[in-house]
Amino acid sequence: MDNQKRFDKIAEDIKSVKIQGAKNIAKAAFQAYSLVPSEKSIKKLLSLRPTEPMLEKVLNLVGKKSNEEILEHFDSNQKEINKNVLKLIKHKDVIFTHCHSTNVINALIFAKKSWRNFEVYNTETRPLFQGRKTAKELRKAGIKVTMFVDSASAIALEKENKKDKIYANKVFLGADALLANGIINKIGSGMISELAFKNKIPVYILADSWKFSKKKVPIENRSLNEVWDKAPKNVKIKNPAFEFIKEKYISGIVTEFGIMKYKDFVKKMKKGE
């Protein structure tokens with residue numbers, strides 16, 4: 001297979017969500033660009049998943065940093081996130097998560113290897129069921145996992161009465177984009193964050209600082225066929241891939257810089273640019 005065909009294959013895997021998670025998308029895009037380095041390639045890669053500032057950040061660094069430095073960033077930052085998350089996980093915690101976040105999964109697996117005793121509630125994450133991938137990876141690591149259908153998120157989060165034993169006490173979410181006044185993450189994250197806020201459950205965002213953007217980030221809308229293939233002609237279907245979560249619903253953000261209030265993280269990012 002020549003370089004152009006390999007480039008096209010990676011591009012298709014990113015577009016179809018075969019490659020998922022902001023970090024994995026950025027790394028794959030970097031690999032694709034290395035195969036066919038051109039302005040046309042950059043334009044093509046940026047068009048694949050528009051709600052991914054990290055992808056743009058990595059492509060902008062080509063030529064400014066060595067390939068080794070770019071790739072090392074992902075591993076070193078994940079290690080710092082892992083160590084910081086460890087400070088948040090207590091004995092017998094029930095941690096709720098949504099979709100498939102590489103930062104969240106790696107941090108939870110690290111916590112398990114560090115002898116933290118906890119369990120995870122996660123969602124199936126329709127329409128592409130990314131939650132199944134999360135559940136498989138966590139279970140393989142020996143973590144107890146209970147999956148809920150998306151519409152049962154309230155049951156997983158809320159403690160309805162003293163006899164209710166199904167409820168979470170922390171929410172860990174990834175992020176596709178970190179903005180000045182909140183984050184963008186998988187559709188459903190907004191509902192989950194508001195429910196958690198209402199029930200006084202802390203919501204922590206686990207993310208690499210390279211996801212921060214001062215620009216307006218578009219919300220990707222995906223094909224209606226992912227929701228209902230061959231739907232009746234008169235039925236309209238909305239399939240947004242992401243949504244915005246207000247800063248007020250975020251208890252803290254965990255990055256390579258530590259555990260911070262979201263507003264303090266934003267100040268640090270603006271100061272550093």
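Refer to the structure printed above.
Everything numeric in this text was worked out from a predicted model, so none of it was measured.

### Some words on the side chain of histidine 100
Structurally, histidine 100 is set in the loop between strand E1 (93–97) and helix H6 (102–113). Residue class for histidine 100 comes out buried when judged on its relative accessible area of 8%. A polar contact is formed between the side chain of histidine 100 and the side chain of glutamate 137, at a distance of 3.2 Å. The contact partners of histidine 100, leaving out residues within four places of it in the chain, are Gln20, Gly21, Ile105, Gln130, Lys133, Thr134 and Glu137.

### A short note on the packing of helix H5 (residues 67–86) against H6
Packing of H5 against H6 brings their axes to within 9 Å, and their N-to-C directions diverge by 60°. The orientation of H5 relative to H6 falls into the category oblique. Crossing of H5 against H6: the hand is right-handed. The residues of H6 that touch H5, namely those facing Gln78, Ile81, Asn82, Lys83, Val85 and Leu86, are Thr102, Asn103, Asn106, Ala107, Phe110 and Ala111.

### Points about a nonpolar patch on the surface
Together, Val227, Trp228 and Val235 make up an exposed nonpolar region whose accessible area comes to about 260 Å². Positionally, valine 235 belongs in the loop between strand E7 (203–206) and strand E8 (242–246).

### Here's the deal with helix H1 (residues 3–15)
Between the first and last C-alpha of H1 there are 18 Å, a value that for 13 residues agrees with the 18 Å anticipated at 1.5 Å per step. Buried within H1 we find Phe7, Ile10, Ala11, Asp13 and Ile14. The buried residues of H1 occupy an angular sector of 160° when the element is viewed end-on, so they sit on one face. Those residues of H1 that are buried are in contact with helix H2 (22–35) and helix H3 (39–48). Its side-chain oxygen placed 3.3 Å from the backbone nitrogen of glutamine 4, aspartate 2 serves as the N-cap of H1. Of the residues trailing H1, valine 17 is marked for its positive phi of about 70°.

### Brief notes about the packing of aromatic side chains
According to the stated counting rule, one finds 6 aromatic pairs in the structure shown. For the pair phenylalanine 172 and tyrosine 204, a centre-to-centre distance of 6.2 Å together with 80° between the ring planes defines the contact as edge-to-face. Of this pair, phenylalanine 172 sits in strand E4 (residues 170–173) while tyrosine 204 sits in strand E7, placing them 32 residues apart in sequence. Given a relative accessible area of 0%, phenylalanine 172 falls into the buried group.

### Let's talk about the layout of surface pockets
Looking at the largest pocket, its volume works out to about 200 Å³. Looking at side-chain class alone, the lining of the largest pocket contains 3 nonpolar, 2 polar and 5 charged residues. What the second largest pocket holds in volume is close to 170 Å³. Forming the walls of the second largest pocket are His98, Thr125, Arg126, Pro127, Asp150, Ile187, Gly188, Val227, Asn239 and Pro240. When grouped by side-chain class, the residues that make up the lining of the second largest pocket number 4 nonpolar, 4 polar and 2 charged.

Cut-offs applied
Residues numbered from 1 in each chain as written. Predicted model: local features only at pLDDT ≥ 70, side-chain atom pairs only at ≥ 80, totals over all residues. Heavy atoms only, no water. Helix = DSSP H or I, 4+ residues; strand = E, 2+ residues; numbered from the N terminus. Buried < 20%, exposed > 50% of the residue type's maximum accessible area, 1.4 Å probe, protein only. Polar contact = N/O pair within 3.5 Å; in protein donor to acceptor, adjacent residues only side chain to side chain. Contact = heavy atoms within 4.5 Å. Axes fitted to C-alpha atoms, helices over the stretch in contact; angles between N-to-C directions. Parallel < 35°, antiparallel > 145°, perpendicular 65-115°, else oblique. Left-handed = near helix turned anticlockwise from the far one by under 90°. Patch = residues over 30% accessible without salt bridge, like charges linked within 9 Å, V, L, I, M, F, W, Y side chains within 5 Å. Areas by Shrake-Rupley, 256 points an atom, 1.4 Å probe, with all protein chains shown as cover. Salt bridge = Lys/Arg side-chain N within 4 Å of Asp/Glu carboxyl O. Expected span 1.5 Å × (residues − 1). Arc of directions from axis to C-beta. Phe/Tyr/Trp six-rings, centres within 6.5 Å; stacked < 30°, edge-to-face > 60°. 1 Å grid on protein atoms, 1.4 Å probe; cavity = no way out; pocket = protein on both sides within 12 Å on 5 of 7 lines; lining within 4 Å. Points joined across faces, edges and corners; volume = space filled by probe spheres on them. Nonpolar A, V, L, I, M, F, W, Y, C, P; charged D, E, K, R; others polar.

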